[in-house]
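In case you want the letters, here they are:
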Amino acid sequence: MATKFLALACIRSDSYGHLSPRPHYPSMPKYPQGEETAESSKAKAVAVFSVVGMTCSACAGSVEKAIKRLPGIHEAAVDVLNNKAQVLFYPTFVNEERIRETIEDVGFEATLIEDEASEKSIQVCRIRINGMTSTSCSSAVEEALQAIQGVQNAQVALATEEAEIHYDPNIVGYNQLMETIEHTGFEALLISTGEDMSKIHLQVDGIRTDHSMRMIENSLQALPGVQGINMDPQVKKFSLSYKSDMTGPRNFIRVIESTGSGRFKARIFPEGGGGRESFKQEEIKQYYRSFMWSLIFTIPVFLTSMVFMYIPGIKHGLDTKVVNMLTIGELIRWVLSTPVQFIIGKRFYTGSYKALHHGSANMDVLIALGTNAAYFYSVYSVLRAATSSDFMGTDFFETSSMLISFILLGKYLEILAKGKTSEAIAKLMDLAPETATLLTLDDEGNVIREEEVDSRLIQKNDVIKIIPGAKVASDGYVLWGQSHVNESMITGEARPVAKRKGDTVIGGTLNENGVLHIKATKVGSESALSQIVRLVESAQMAKAPVQKFADRISKFFVPLVITLSLSTWFAWFLAGKFHGYPQSWIPSSMDSFQLALQFGISVMVIACPCALGLATPTAVMVGTGVGASQGVLIKGGQALESAHKVNCIVFDKTGTLTVGKPVVVNTKLLKNMVLRDFYELAAATEANSEHPLAKAVVEYAKKFREDEENPIWSEARDFVSVTGHGVKAIVQNKKIMVGNKSLMLDNNIAIPIDAEETLMETEEMAQIGILVSIDGELTGVVAISDPLKPSAREVISILKSMDIQSIMVTGDNWGTAKSIAKEVGIETENVIAEAKPEQKAEKVKDLQASGFTVAMVGDGINDSPALVAADVGMAIGAGTDIAIEAADIVLMKSNLEDVITAIDLSRKTFTRIRLNYIWALGYNLLGIPIAAGVLFPSTRFRLPPWIAGAAMAASSVSVVCCSLLLKNYKRPKKLNNLQIGGIVIE
């Protein structure tokens with residue numbers, strides 16, 4: 001789908017009024033005659049026009065509106081900053097020339113640009129990677145992927161065990177990316193190729209031969225919009241990739257079941273294979289099984305070496321000689337520990353080989369070296385006892401088997417805990433309802449049939465019935481009915497939102513008290529829910545800069561630990577050899593060599609690179625998940641890290657500090673006439689204008705016709721729109737003008753002193769005065785205001801208490817800007833008025849140069865340059881259009897307090913990351929010396945290898961659990977005291 005332009009509003013002081021409209025987020029696609037056909041969709045085309053003469057966002061809005069009124073327009077976006085319009089349309093219904101003429105009819109010069117409709121060739125591929133244990137593993141895979149020609153960027157996340165790769169499909173294919181990962185020594189499984197396609201898996205019953213499979217494949221392949229088909233004959237599974245705006249799953253089922261005389265039955269393939277959750281569950285089961293099996297063998301080894309030796313009767317039996325000095329106890333321990341070492345512990349050998357094969361070392365290397373040292377020394381001891389008549393050896397079989405058991409227990413608990421860090425995504429995915437009620441309508445729009453279907457079978461333009469208490473099955477808009485919908489699970493908005501005909505609804509939200517008929521507009525991967533899931537997944541992939549610290553340490557951590565381990569063993573061995581310590585220090589069950597070996601093994605297995613590697617990603621995962629549940633979408637670790645440093649916030653005025661929707665607040669009539677008649681004439685004139693101030697007048701006039709849902713205004717003849725001044729027309733045989741002071745003076749209409757005074761008063765109150773003349777005589781002054789958001793003043797006050805400076809930047813005039821700033825509590829010196837979008841970006845850069853870490857809060861469209869320039873860009877009030885490229889943090893509601901929530905959450909998350917690093921580093925810095933025997937000379941305290949291994953496993957689990965405490969995050973109490981009420985203006 002063509003990339004949308006961002007409409008960047010520029011506002012001039014001589015424009016019509018002083019308000020920039022709240023940005024219009026691209027609405028749902030418009031299809032000709034209400035239904036998009038496969039043929040029209042197939043012929044979709046893109047055209048880019050140069051549009052000369054636009055001066056503000058109101059101009060851009062009028063061009064966009066005019067284009068969208070044409071039949072066959074799929075989408076249109078206007079970029080006022082670059083004077084361009086991009087249109088996605090169906091050539092069957094409309095052509096470039098017709099679109100160009102429409103733009104010129106609005107009053108602007110338009111020229112078709114021939115070669116600007118080419119789409120980007122970069123795709124994003126996501127691959128699951130199994131077998132990574134530490135940051136050295138993920139770094140090795142990342143480096144291998146980055147080295148491939150055609151790969152722009154590759155990110156490998158240890159916490160999610162996934163890679164996200166930006167690549168050029170013309171140079172490299174995803175198969176080559178997977179081969180590279182597998183060559184690095186890990187299992188690669190494709191999640192998505194990033195193509196603009198939906199995917200579905202179908203199971204077909206009734207297939208008996210390969211010919212039947214091919215027949216179904218050919219039938220499906222012939223459908224328009226089907227991009228690819230993969231078959232699995234064993235389970236009778238068809239995996240289809242398709243364009244959702246051309247076809248859908250019900251079409252596939254219909255085609256399959258009509259093929260072969262109706263003997264085939266198709267249904268959606270049962271879940272359980274391929275999802276992240278199923279892989280995670282399988283991994284948890286594997287570690288659980290491995291741990292239980294190791295326990296079955298390890299417990300007898302532990303009992304024979306540590307417990308039964310103190311029970312006289314059993315001790316005598318275990319000490320019975322078999323061959324020379326070899327005892328039954330030693331033989332039992334050898335037999336039982338061997339399967340633990342080589343069968344259950346096989347994963348550590350495999351992991352070590354893969355890591356060393358690619359020139360890196362990970363935790364598996366430390367475990368393999370430590371357990372092998374204990375096991376093979378014990379084997380040497382047993383064999384020597386079996387061949388000698390006087391050798392009294394001691395084995396360490398319990399060390400190797402208990403080590404492996406404790407490490408498996410630790411990995412099992414770690415994976416359980418890591419699974420909880422991504423619960424946010426699982427909860428989001430569970431929001432989609434399992435079934436939906438599909439309606440079939442006749443030509444007049446009457447319901448002729450209701451049918452319950454799997455919600456995954458919903459296609460674009462389907463009409464769905466939503467009963468009270470049911471979840472909305474798809475993104476769309478209300479065709480019939482009215483209700484309140486609870487959107488808290490998607491936007492975080494606590495109060496139910498009223499919905500009536502024409503209002504948009506979000507899939508996964510809860511219908512509360514009325515029946516709704518909705519038309520599906522976005523299904524599958526296009527839905528808001530899918531976009532949020534993808535955004536949160538991408539955020540969890542992106543590394544925070546602080547993660548580089550752990551990556552640097554991990555490169556030399558394992559070699560350093562091995563060196564320390566060998567040095568520890570050698571130092572204790574030499575000290576024992578040359579009597580460097582009293583003989584009484586050596587436990588009765590071992591000699592000086594064995595004591596040195598135990599110290600060396602303990603150092604090797606207590607060191608934990610995993611805790612360091614998990615410190616940042618687990619906290620980022622939980623933090624972004626918590627944010628998503630509160631309607632604050634944080635795009636990864638970089639945004640989190642920057643947000644916690646923010647000490648200056650730049651607010652856009654319109655749509656950010658203010659509601660962004662102008663409303664009439666006062667009317668002063670200069671002649672004796674009925675107010676209703678006055679607004680009848682004004683509304684009839686303004687109804688033809690797309691300007692936001694005109695809309696405010698029309699909306700206010702509707703209040704005088706409350707009995708009509710869509711009032712029809714009197715005909716306006718000879719309508720003329722004077723750019724930057726206002727409109728004029730003939731209504732009810734009267735010559736009406738509605739506009740600013742300039743419009744009146746240009747048409748020689750006198751402005752009385754009391755009208756001049758009213759205009760000055762409105763400007764002082766941050767309002768806009770609109771003049772209305774009837775038959776050449778000034779009749780009334782309409783005061784229009786863009787009201788402040790209810791929480792604006794409190795939010796600015798709370799930010800001051802957090803030592804964050806607030807600055808307001810606007811395209812409005814200085815009078816209005818200063819008045820608004822005074823109302824919210826922003827000092828006059830922190831106000832920038834009459835600023836164009838590029839000047840807003842310059843101001844952000846000036847603040848950064850002064851040493852501030854700057855956040856820009858805007859609406860995501862007319863503030864894009866500033867959002868990009870800021871250290872942290874926050875797009876506020878995104879609603880369902882959450883894929884705002886310019887912003888680092890997307891605030892789904894229009895509530896300003898979410899700015900505080902975002903900063904507070906980032907600070908709490910970063911505090912958690914710091915705690916994780918302090919624990920992970922502190923653990924290693926304390927644990928390694930203790931394991932090396934630093935306390936042994938003074939206290940005789942030493943750490944047996946199996947306890948050291950248990951401590952290592954516990955350190956990883958504790959870091960993950962520390963991150964999981966973020967799930968209890970509550971927004972600042974100050975925000976709970978805010979009285980957030982709706983704005984009602986009579």
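Treat the numbers as computed from the prediction; the structure is a model and nothing was measured. (Residues numbered from 1 in each chain as written. Predicted model: local features only at pLDDT ≥ 70, side-chain atom pairs only at ≥ 80, totals over all residues. Heavy atoms only, no water.)

Here we take up the nonpolar core. The biggest cluster of nonpolar side chains holds 131 residues, and the ones touching the most others in it are L145, I165, L177, I649, M874 and I889. The contact partners of M874, leaving out residues within four places of it in the chain, are A855, M856, V857, G858, L867, A887, I889, L891, V899, A902 and I903. If you look at the next biggest cluster of nonpolar residues, it comprises 26 residues, including F678, A683, W713 and A729. (Core = buried A, V, L, I, M, F, W, Y, C linked by side-chain atoms within 4.5 Å. Buried < 20%, exposed > 50% of the residue type's maximum accessible area, 1.4 Å probe, protein only. Contact = heavy atoms within 4.5 Å.)

What follows deals with the packing of aromatic side chains. Applying the stated rule across the entire model yields 26 aromatic pairs. Ring plane angle 90° and centroid distance 5.1 Å describe the contact between F342 and Y375, whose orientation is recorded as edge-to-face. Linking F342 in helix α10 (residues 328-344) with Y375 in helix α12 (residues 363-387), this pair joins segments that are 33 residues apart in sequence. The exposure class assigned to F342 is partly exposed, which follows from its relative accessible area of 33%. We classify Y375 as buried; its relative accessible area is 4%. With a centroid separation of 4.5 Å and an interplanar angle of 20°, the aromatic rings of W572 and F599 are classed as stacked. Within this pair, whereas W572 is found in helix α17 (residues 547-577), its partner F599 is found in helix α18 (residues 592-606), the two being separated by 27 residues in sequence. As far as the burial class goes, W572 and F599 line up, both buried. Taken together, Y377, Y380, W569, F570, F573 and F593 form an aromatic cluster joined through their ring pairs. The ring of Y287 has R347 sitting right over it, with the charged end atom 4.3 Å from the ring centre. (Phe/Tyr/Trp six-rings, centres within 6.5 Å; stacked < 30°, edge-to-face > 60°. Helix = DSSP H or I, 4+ residues; strand = E, 2+ residues; numbered from the N terminus. Lys NZ or Arg CZ within 6 Å of the ring centre and 35° of its normal.)

Time to look at the UniProt feature "transmembrane region" (unreviewed entry) in the protein chain. Those residues carrying the UniProt feature "transmembrane region" (unreviewed entry) are residues 290-311, 331-349, 361-380, 400-417, 556-575, 595-615, 917-937 and 943-966 in this numbering. Here residues 400-417 is 100% helix and 0% strand, with 26 Å between the C-alpha atoms at its ends. Between the first and last C-alpha atoms of residues 917-937 the distance is 30 Å; the span itself is 81% helix and 0% strand. (UniProt positions renumbered as here; feature names shortened; annotations may be inferred.)

As a further point, take the sheet that holds strand β33 (residues 831-832). Strand order in the open sheet made by the seven strands is β24-β36-β35-β34-β25-β32-β33, with mixed pairing throughout. Every interior strand has two partners, whereas the edge strands, β24 (632-634) and β33, have only one. Bridge count for strand β34 (residues 854-858) against strand β35 (residues 872-876) is four bridges, and the pairing is parallel. Looking at the pairing, G858 lines up with A875 of β35. (Pairing = 2+ DSSP bridges.)

Turning our eyes to something else, we now look at the environment of V546. Position of V546 relative to the elements: it lies in the loop between α16 (528-541) and α17. Between the C-alpha atom of V546 and that of A615, which follows or precedes it by 69 residues, the distance is 9.9 Å. If we ignore the near neighbours within four places in the chain, the residues touching V546 are T616, E641, F910, I913 and Y917.

Moving on, we get to the sheet that holds strand β5 (residues 123-130). Read from one edge of the open sheet, four strands run β6-β7-β5-β8, paired in antiparallel fashion. Each edge of the open sheet is held by one strand with a lone partner, namely β6 (151-157) and β8 (187-192). Taken pair by pair, the neighbouring strands of this sheet meet at an average axis angle of 25°, ignoring direction. Relative to β6, helix α4 (residues 135-146) is tilted by about 170°, and along the sheet it contacts β5, β6 and β7 (162-167). (Axes fitted to C-alpha atoms, helices over the stretch in contact; angles between N-to-C directions.)

Our next topic: the side chain of R333. Tracing the backbone through its elements, the reader meets R333 in helix α10. Overall, R333 belongs to the buried group, its relative accessible area being 8%. Ignoring sequence-local partners within four residues, the contact set of R333 consists of V301, T304, S305, D395 and F397.

In this structure, strand β19 (residues 483-486) lies alongside strand β20 (residues 497-499), joined through three bridges in antiparallel fashion. Across the sheet, the residue bridging to S483 is K499, located in β20. Pairing analysis gives two bridges linking β19 to strand β22 (residues 510-511), with the strands arranged antiparallel. Paired with N486 across the two strands is L510, which belongs to β22.

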